[in-house]
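One-letter residues, chain by chain:
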Amino acid sequence: MDINDLRGIQTLLVMLAFFGIVWWAYSAHRKKPNDEAAHLPFDDDDIADRTLKQDKTEKKQ
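Please read all numbers here as calculations on a predicted model, not as lab measurements. (Residues numbered from 1 in each chain as written. Predicted model: local features only at pLDDT ≥ 70, side-chain atom pairs only at ≥ 80, totals over all residues. Heavy atoms only, no water.)

### Some details on the overall build of the chain
Phase 1: Within the chain one finds three helices and zero strands.
Phase 2: Ordered by position from N to C terminus, the α and β elements of the chain give α-α-α.
Phase 3: Per-residue burial over the chain gives 2% buried out of 61 residues.
Phase 4: Within the structure as shown, the chain displays about 5,900 Å² of accessible surface, and the carbon and sulfur contribution to it stands at 63%. (Helix = DSSP H or I, 4+ residues; strand = E, 2+ residues; numbered from the N terminus. Buried < 20%, exposed > 50% of the residue type's maximum accessible area, 1.4 Å probe, protein only. Areas by Shrake-Rupley, 256 points an atom, 1.4 Å probe, with all protein chains shown as cover.)

In structure tokens form, the structure reads like this:
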């Protein structure tokens, strides 16, 4: 066994790890967390709007 055999085994292991991560990320049981993560930027807008409204009401008092 020489260095090229080790490089081939390493490439195979990294490729298997990559496909495993892709399979895990796109599997059906990850759908809900992925949807929640996809909406996070929009949730920040709601929080910012509520904060601005709260600041305006506090200044009026």
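Having seen the model, we can carry on.
### Observations concerning the pattern of salt bridges
Phase 1: Under the definition given, this model contains one salt bridge.
Phase 2: A salt bridge links Lys 31 to Asp 35; its shortest N-O distance comes to 3.5 Å. Here Lys 31 and its partner Asp 35 are both found in helix 2 (residues 31-38), four residues apart, which amounts to about one turn of the helix.
Phase 3: On the accessibility criterion, Lys 31 (53% relative accessible area) is exposed. (Salt bridge = Lys/Arg side-chain N within 4 Å of Asp/Glu carboxyl O.)

### Details of the confidence of the model for the chain
Reading predicted coordinates in detail is not appropriate for stretches of low pLDDT.
Phase 1: Put simply, the chain has an average pLDDT of 86, and 89% of its residues get 70 or more.
Phase 2: Within the chain, the lowest mean pLDDT, 72, falls on helix 3 (residues 40-60), and the highest, 97, falls on helix 1 (residues 3-25). (pLDDT = per-residue confidence, 0-100.)

### Section: the side chain of Ser 27
Phase 1: Mapping Ser 27 onto the fold places it in the loop between helix 1 and helix 2.
Phase 2: Looking at Ser 27, its side chain comes within polar contact range of the side chain of His 29, at 3.0 Å. (Polar contact = N/O pair within 3.5 Å; in protein donor to acceptor, adjacent residues only side chain to side chain.)

### Considerations on a nonpolar patch on the surface
Phase 1: On the surface, Met 1, Ile 3, Leu 6, Ile 9, Leu 12, Leu 13, Met 15, Leu 16, Phe 18, Phe 19, Val 22 and Tyr 26 cluster together into a nonpolar patch covering about 1,300 Å² of accessible area.
Phase 2: You can see Ile 9 is positioned in helix 1. (Patch = residues over 30% accessible without salt bridge, like charges linked within 9 Å, V, L, I, M, F, W, Y side chains within 5 Å.)

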